[in-house]
Every structure is written in C-alpha cells, then in structure tokens.
Amino acid sequence: MADSMVKNPSFGLCSFTLQFLRGRWFMMFASFLIMAGAGATYLFGVYSKVIKSTLGYDQSTLNLLGTCKDLGANVGVLSGLLAEVMPTWFVLLVGSVMNFAGYFLIWLAVTKKIATPKVWQMCIYVCIGANSQNFANTGSLVTCVKNFPDSRGMMLGLMKGFVGLSGAIFTQLYLAIYGNDSKSLILLIGWLPALLSILFIFNIREMKSSRHPNEVRVFYQNLVISISLALLLMGLTISQKYLKFSHNAYVACATIVCVVLFLPCIIAIREEFYTWKLKKKEIMQTPTRIIVEKPPLPVSEIVELDDFSMAKKQEKNEVGCFSNVCNKPKRGEDYTILQALLSVDMLILFVVTFCGLGCSLTAVDNLGQIGESLDYPSHTISTFVSLVSIWNYFGRVFSGFVSEKLLLKWKVPRTLMMTFALLLPSIGDLLIAFPFPGSVYVASLLIGFSFGIQLTLLFIIISELFGLKYYSTLFNCGQLASPIGSYVLNVKIVGKLYDKEALKQLASKGMTRSMVKELVCIGKQCYRNSFIILACVNAFGALVSLILVWRTKDYYKTDIYKRFRDEMEANEKEMKMVAHK
C-alpha cells in the first residue's frame with residue numbers, strides 16, 4: 001500500500017489537500033482571516049457621526065448606542081455556553097447570521113430604506129451586530145488556544161492582533177469598494193465578516209495537540225507578517241491623510257493589503273506539507289513494523305497511557321461545570337464555571353477590567369466627537385480611528401509575545417504587565433483633557449496600545465489561572481465588566497458632561513435644545529472634566545491590579561505549562577501505538 005501511494009501522484013495530491021484543509025496550520029490561517037473581520041466594533045467612531053446626523057441624535061443618545069455596542073461586543077456568555085454543548089461550526093454559523101442581521105438593519109435605517117427606528121430598536125440592532133464577534137472569538141480563538149496550549153500567549157497575541165488591525169483593513173476595503181461613504185461602510189461590515197465565517201465553518205475544529213519542531217518559528221514568522229501588515233496600513237493611513245488618492249489608487253492599496261493578509265497561507269502550506277511527509281514516511285515504514293516481530297511495549301508505558309486515558313475520562317465525568325463551588329483546585333488546574341466566577345482572582349480581574357477596558361472603550365467611542373470638538377477635519381478624525389486600530393494591534397502582539405518571553409525567561413508575572421497597561425492610558429486621557437496641537441494623535445496611540453495589551457492579557461491570564469476546560473465560557477464572563485464600565489463612564493459621565501457643556505454654549509447664544517437638530521459642543525472644555533475622571537479611574541485600576549500581582553507571583557514562578565506538555569507527550573505515544581498496530 002505504501003508503494004502504491006508513492007506511484008500514484010493523484011492519490012498523494014488528494015491526501016495532501018485533505019491534510020492541508022483539515023490541519024492545524026490551515027485552521028490557524030483561517031482563524032486569522034475570521035479575526036481580521038471580527039473587529040467591526042472598533043469602527044464605531046467612523047460611522048457613528050452618520051448615525052447621529054441622519055437620525056438626529058444628541059451625544060447622550062449616541063453614547064447610549066456606543067454602550068449597547070460595547071455591551072454586545074463584551075457580553076459573550078451566550079456564545080461561551082453554546083460552545084460547551086454545540087460543535088464549533090454551529091457557533092460560527094450563529095455568529096455570521098447575527099453579524100449580517102444587525103449591521104444590515106443599521107444600514108437600512110441610516111439609508112432611510114426603512115422607517116426611522118426608535119432608539120431602543122437601534123440599540124438592539126447595534127447590540128446584535130456587535131455580539132456576533134463573540135461567536136467568532138469563541139469559535140476560532142478558543143479552538144486555536146486549545147490546539148496550541150503550550151504557545152497560547154503567542155497565539156492569543158496574534159489572534160487578537162488581527163482583530164486590532166481589522167478596523168484599518170476595513171477602512172482600506174471600503175475606500176476601494178465604495179469610496180468615502182460611511183453608510184456603505186456599515187453594509188461592508190455586515191456582509192464580509194459573515195462570509196468569512198461561513199467559508200471556513202468546517203475548518204475550525206479542535207484537534208489532538210502534539211509537539212511540532214517548527215512551532216515557535218512559525219509563530220514568529222506570522223508575527224513578522226502581521227507587523228509588516230500593520231506598518232503597511234499605518235503608511236497607507238498617513239499617506240491618504242496628506243495626499244489625494246484616486247479610486248484606482250485605493251483599489252491598488254486594498255489589493256496590496258489583501259496579498260499581505262494572505263501570506264500566512266503560504267506558511268500553512270509549507271508546514272502542512274512537512275507534516276504530511278512525516279506521516280507518509282511513517283506509513284511507508286508500517287509494513288516493516290508488521291512483518292518484523294517486536295517486543296511488546298514496556299509495562300510502565302502501557303500503564304502510563306492507561307492512567308492518562310482514565311484520568312481524561314474521569315476529568316470529563318467527575319464534575320459538572322457548575323459544581324464544587326467551595327472546593328477550588330490549585331491555580332492553573334481546571335476550575336468549574338462557578339469556582340472561577342466566585343474566586344477572589346476573578347473579582348480583582350473584574351474591577352481591573354471595569355476600570356481599564358471601560359475607560360479605553362469610552363475614549364475610543366468618543367474619538368469622532370473629540371476630533372470634532374477640537375475642530376479637526378473629518379478625514380483626520382478617520383485617521384485617529386485607524387491609528388487606534390493599528391496601535392491596538394501592536395499592543396496585542398506586544399502583550400502576547402513579550403509577556404511570554406518575560407514569563408519563560410525571568411518568571412515575570414503577566415499580571416504585572418497588566419498594571420503597566422493601566423498606567424499608559426491615564427497619560428492619554430490627560431492629553432485629551434488638556435489638548436495641544438497633535439495631542440490627540442499621541443493620545444490615540446497610547447489608548448489604542450494599552451487597550452490591546454489589556455484585552456489580550458485578560459484572555460491569557462484567565463486561561464492560565466482557571467484552566468482550559470471551560471475557557472470558552474470563562475473568557476467571555478471575564479470581560480463582562482467592560483460594557484458595565486463603558487456604560488457608567490460613557491453614558492453617565494462623559495455623555496452627560498459633554499451635553500452639559502453643549503447646552504451652555506447654546507444658552508450663551510440665546511438658543512434652546514428644541515431649536516437645533518444636533519447637539520454639538522466645540523472647544524477644549526467639552527471633554528476636559530470627563531477625561532480627568534477617566535485618568536483617575538485608570539490609575540485606581542492599576543493600584544487594584546497590584547493585589548493580583550502579589551497573589552499570583554509564586555504561581556508564575558512555577559512551570560505553568562508542564563501539564564499541557566505532559567498531555568502532548570502522551571498524545572504522541574498514543575499515536576505511535578496506533579501506527580505500530
């Protein structure tokens with residue numbers, strides 16, 4: 001049979017194609033594309049103004065929509081629980097349907113193709129569209145972490161990095177396809193992410209993990225590609241600000257972006273071909289193993305494999321996801337959902353997320369209006385949003401790769417980097433509160449970079465402290481504090497203070513709210529008090545995060561990935577036993 005495989009090239013091509021489409025590396029590439037389409041919520045600052053002007057909203061109402069967007073984007077408990085009982089393809093399918101439905105209804109509303117919806121209806125549309133990204137996250141991100149458990153920091157850094165770049169990628173695509181039309185941008189983010197999830201719906205699946213000699217090298221090669229993509233997007237964003245591009249030039253830019261975006265596919269082909277050759281070599285050697293009688297495996301190895309199999313069965317049958325609330329395991333072992341949610345570590349993470357991500361989301365959602373209040377032109381405001389997206393990417397890959405290096409080499413707790421990530425945006429908030437020429441550019445850099453660090457570290461820390469068994473639910477529960485923080489800070493503080501200043505300006509002109517369609521505030525004072533408050537909230541979150549640093553410092557001094565390496569070794573022995581049969 002081995003000889004027939006070698007002599008039959010069509011059989012070899014078919015087997016490699018099947019290996020490629022079902023392999024871990026192509027799954028990782030497909031996940032990159034899905035993640036690159038799962039960050040439409042970061043473009044809210046671009047199309048929010050067209051919603052405000054078309055539907056006649058004031059800033060508080062627009063901030064309410066922004067909060068509903070943050071609520072949908074961060075309340076992913078439904079997708080997490082669904083992933084516990086349903087296959088991955090179903091989770092991705094539900095997400096694609098929700099994505100198209102939510103954004104398509106928003107597009108119909110702003111283009112006046114349907115009757116003007118009420119505010120609560122628009123809140124539902126925005127929430128549904130934003131919530132769809134949780135299904136993409138849960139389906140692809142969680143699956144990738146489980147398939148690469150020993151490299152989860154780098155994997156999460158890359159995956160969340162592509163989400164961070166998605167805003168800038170979508171900007172290039174919509175300029176090439178529709179031109180500078182914010183209404184059409186809403187349509188684009190309705191159909192494209194849904195299409196990507198459907199295209200790869202059966203490629204994203206959990207596989208039995210094993211060690212790969214080139215694994216770390218592949219991650220760094222993908223890192224280089226993603227950094228090149230980020231630098232390309234940054235260069236295009238800046239050049240498009242200062243130069244006038246024709247439509248053909250925008251098409252050329254989008255084409256180059258797509259080519260770079262697909263480069264990881266070449267790496268996937270190379271690595272799957274390497275894996276396929278190893279498997280084929282093993283198959284060719286199989287007849288020899290059958291003919292030549294070999295001594296049985298040592299009893300110790302058989303017992304080891306049996307013990308491992310029994311342990312895995314017991315792990316599935318022993319406890320339910322909501323049981324044993326009081327009897328918590330050690331850090332790093334698999335917590336049940338309630339054990340994790342009721343732990344002190346999760347409570348601290350909740351407070352830190354409320355402060356850090358709540359402030360960052362509030363700042364990002366208001367960038368459009370901040371630029372307007374400081375009299376920046378509209379194309380410059382789009383530049384702010386794109387820069388946030390790009391620096392968000394750098395923060396995500398930085399936290400994934402650098403924290404992994406610091407942890408493995410010097411045992412530096414990832415929780416310490418979280419403290420650092422909460423101090424940076426405080427500076428950005430103060431730059432907005434006390435603006436000077438160009439300060440918003442620096443603020444968008446600091447806020448975007450720290451936002452990326454915080455979000456990626458949150459996902460990594462939850463996986464390391466509470467295990468991977470119920471990770472799909474736990475990481476979605478972990479970011480619940482983000483929309484709560486966004487609501488309190490965005491609607492109750494920033495929105496109210498902005499409208500208060502805008503009403504003062506109307507009163508100084510002898511006008512009332514009923515005399516204008518859109519409530520607008522112009523001047524440095526519009527966001528001063530609110531962003532001083534945001535800076536203080538970020539600083540408080542940094543202080544709270546130091547408690548978690550102290551609690552986890554001893555845990556991070558241990559070999560936290562030993563259990564997963566042992567499992568991969570057991571999987572390899574099991575596969576070798578099957579090959580010997």
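Under an unreviewed UniProt entry, the protein has the name Protein nuclear fusion defective 4 and belongs to Nicotiana attenuata. Regarding the protein, the UniProt comment filed under Subcellular location (unreviewed entry) reads as follows: "Membrane".

It is worth spelling out the overall build of the protein at this point. Secondary structure assignment for the protein yields 25 helices and 0 strands. For the protein, restricting intrachain contacts to residue pairs at least 6 apart in sequence, the fraction spanning at least 24 positions comes to 84%. Put simply, the protein shows about 24100 Å² of open surface, and 68% of that area lies on carbon and sulfur atoms.

With that out of the way, let us pick up the side chain of Thr 473. Considering the arrangement of structural elements, one finds Thr 473 in helix α22 (residues 471-478). Here Thr 473 is in contact with Gly 80, Leu 81, Glu 84 and Ile 337, once residues within four sequence places are set aside.

We now examine the side chain of Thr 143. Mapped onto the secondary structure, Thr 143 falls in helix α8 (residues 119-147). A polar side-chain atom of Thr 143 sits 2.5 Å from the main-chain carbonyl oxygen of Gly 139. If we skip the residues at most four places from it in the chain, Thr 143 touches Met 27, Thr 88, Thr 138, Ile 204, Arg 205 and Glu 206.

A covalent bond bridging the sulfur atoms of two cysteines is what the word disulfide describes. Across all of its chains, the model carries 1 disulfide by this definition. The disulfide that involves Cys 521 links it to Cys 526, with 2.0 Å between the sulfurs. With the S-S bond torsion at -90 degrees, the cross-link from Cys 521 to Cys 526 turns out left-handed. The class for Cys 521 is buried, based on a relative accessible area of 0%. Residue Cys 123 stays outside any disulfide, its sulfur separated by 3.5 Å from that of Cys 68, the closest cysteine.

The final tally for this structure, using the stated rule, is 29 aromatic pairs. Between Phe 44 and Tyr 47, the aromatic rings sit 5.5 Å apart at their centres with planes inclined by 80 degrees, giving edge-to-face as the arrangement. With Phe 44 and Tyr 47 both in helix α4 (residues 44-55) and 3 residues apart, the pair spans about one turn of that helix. A connected cluster of aromatic rings, assembled from ring pairs, spans Phe 16, Phe 20, Phe 26, Phe 29, Phe 200, Phe 262, Phe 273 and Trp 276. Above the ring of Trp 25, the side-chain terminus of Arg 24 is found at 5.8 Å from the ring centroid.

Our next topic: unusual backbone geometry. A positive phi is found at Lys 112, a non-glycine position, where the angle reads about 60 degrees. Relative to the helices and strands, Lys 112 resides in the loop between α7 (88-110) and α8. With a relative accessible area of 45%, Lys 112 lands in the partly exposed category. Non-glycine residue Lys 411 carries a positive phi angle of around 60 degrees. The residue Lys 411 is located in the loop between α19 (378-410) and α20 (414-433) in this model.

Attention now moves to the pattern of salt bridges. The tally for this structure, following the rule as stated, stands at 11 salt bridges. The partner of Lys 69 in a salt bridge is Asp 365, with the nearest N and O atoms 2.6 Å apart. Within this pair, whereas Lys 69 is found in helix α5 (residues 59-74), its partner Asp 365 is found in helix α17 (residues 344-365), the two being separated by 296 residues in sequence.

Turning to the packing of helix α21 (residues 439-466) against α22, a few remarks are in order. Running from amino to carboxyl end, α21 crosses α22 at an angle of 130 degrees, the nearest separation of the two axes being 10 Å. With respect to α22, the element α21 is oriented oblique. Note on packing geometry: the crossing formed by α21 with α22 is right-handed. Across from Leu 458, Phe 459, Ile 462, Ser 463 and Phe 466 in α21, the residues of α22 making contact are Tyr 471, Leu 474, Phe 475 and Gly 478. Here the contact of α21 with α22 is built from residues that sort into 7 nonpolar, 2 polar and no charged.

Following both chains from N to C, one finds helix α3 (residues 24-36) and helix α11 (residues 215-242) inclined at 25 degrees, their axes separated by 13 Å at the closest point. The pairing of α3 with α11 is recorded here as roughly parallel in orientation. Taken as a pair, α3 and α11 cross one another with a handedness that is right-handed. Between α3 and α11, the residues in contact are Arg 24, Trp 25, Met 28 and Phe 32 and Glu 215, Val 218, Phe 219 and Asn 222, respectively. Residue classes in the contact of α3 with α11 are distributed as 5 nonpolar, 1 polar and 2 charged.

The end-to-end C-alpha distance of α8, which contains 29 residues, comes to 42 Å, matching closely the 42 Å that a straight helix rising 1.5 Å per residue would cover. At Asn 137, α8 is bent by approximately 30 degrees, the largest bend along its length. With 23 of 29 residues buried, α8 lies mostly within the body of the structure.

The next thing to look at is α21. Given a rise of 1.5 Å per residue, 28 residues ought to cover 40 Å, and the 40 Å separating the end C-alpha atoms of α21 matches this to within 8%. Burial analysis of α21 places 25 of its 28 residues in the buried class, which makes it a mostly covered element. Phi turns positive one or two residues past the end of α21, at Gly 467, with a value near 80 degrees.

On the surface, Trp 89, Leu 93, Val 97, Ile 198 and Phe 202 cluster together into a nonpolar patch covering about 490 Å² of accessible area. The greatest single-element share of the nonpolar patch, amounting to 3 residues, is contributed by α7. Within the element layout of this structure, Trp 89 appears in helix α7.

What follows covers the nonpolar core. One finds Tyr 47, Ile 51 and Tyr 471 to be the most contacted residues of the largest nonpolar core, which totals 167 residues. Element by element, the count of residues in this core is highest for α21, at 16 residues. Two domains share this core, each providing at least three of its residues, namely domain 1 (24-274) and domain 2 (334-580). When neighbours within four sequence positions are excluded, Ile 51 is seen to be in contact with Gly 56, Tyr 57, Leu 65, Ile 106, Val 110 and Met 122.

A separate point is the environment of Tyr 103. Tracing the backbone through its elements, the reader meets Tyr 103 in helix α7. Taking the C-alpha atoms as reference, Tyr 103 lies 8.4 Å from Trp 191; in sequence the two are 88 residues apart. With residues near it in sequence (within four places) discarded, Tyr 103 still touches Ala 40, Thr 41, Tyr 47, Gly 129, Ala 130, Ile 186, Ile 189 and Gly 190.

This next bit is on the confidence of the model for the protein. For the protein, the mean per-residue pLDDT works out to 85, and 87% of the residues sit at or above 70. Averaged pLDDT values over the elements of the protein bottom out at 46 in helix α1 (residues 2-7) and peak at 96 in helix α24 (residues 528-556). Across residues 311-317, where pLDDT falls below 50, the model places 5 contacts with residues more than four positions away in sequence or in other chains.

Quick notes on the rules
Residues numbered from 1 in each chain as written. Predicted model: local features only at pLDDT ≥ 70, side-chain atom pairs only at ≥ 80, totals over all residues. Heavy atoms only, no water. UniProt positions renumbered as here; feature names shortened; annotations may be inferred. Helix = DSSP H or I, 4+ residues; strand = E, 2+ residues; numbered from the N terminus. Contact = heavy atoms within 4.5 Å. Areas by Shrake-Rupley, 256 points an atom, 1.4 Å probe, with all protein chains shown as cover. Polar contact = N/O pair within 3.5 Å; in protein donor to acceptor, adjacent residues only side chain to side chain. Disulfide = S-S within 2.5 Å. Buried < 20%, exposed > 50% of the residue type's maximum accessible area, 1.4 Å probe, protein only. Phe/Tyr/Trp six-rings, centres within 6.5 Å; stacked < 30°, edge-to-face > 60°. Lys NZ or Arg CZ within 6 Å of the ring centre and 35° of its normal. Salt bridge = Lys/Arg side-chain N within 4 Å of Asp/Glu carboxyl O. Axes fitted to C-alpha atoms, helices over the stretch in contact; angles between N-to-C directions. Parallel < 35°, antiparallel > 145°, perpendicular 65-115°, else oblique. Left-handed = near helix turned anticlockwise from the far one by under 90°. Nonpolar A, V, L, I, M, F, W, Y, C, P; charged D, E, K, R; others polar. Expected span 1.5 Å × (residues − 1). Bend = angle between axes of the 7 residues up to and from the residue. Patch = residues over 30% accessible without salt bridge, like charges linked within 9 Å, V, L, I, M, F, W, Y side chains within 5 Å. Core = buried A, V, L, I, M, F, W, Y, C linked by side-chain atoms within 4.5 Å. Domains from an automatic or database assignment. pLDDT = per-residue confidence, 0-100.

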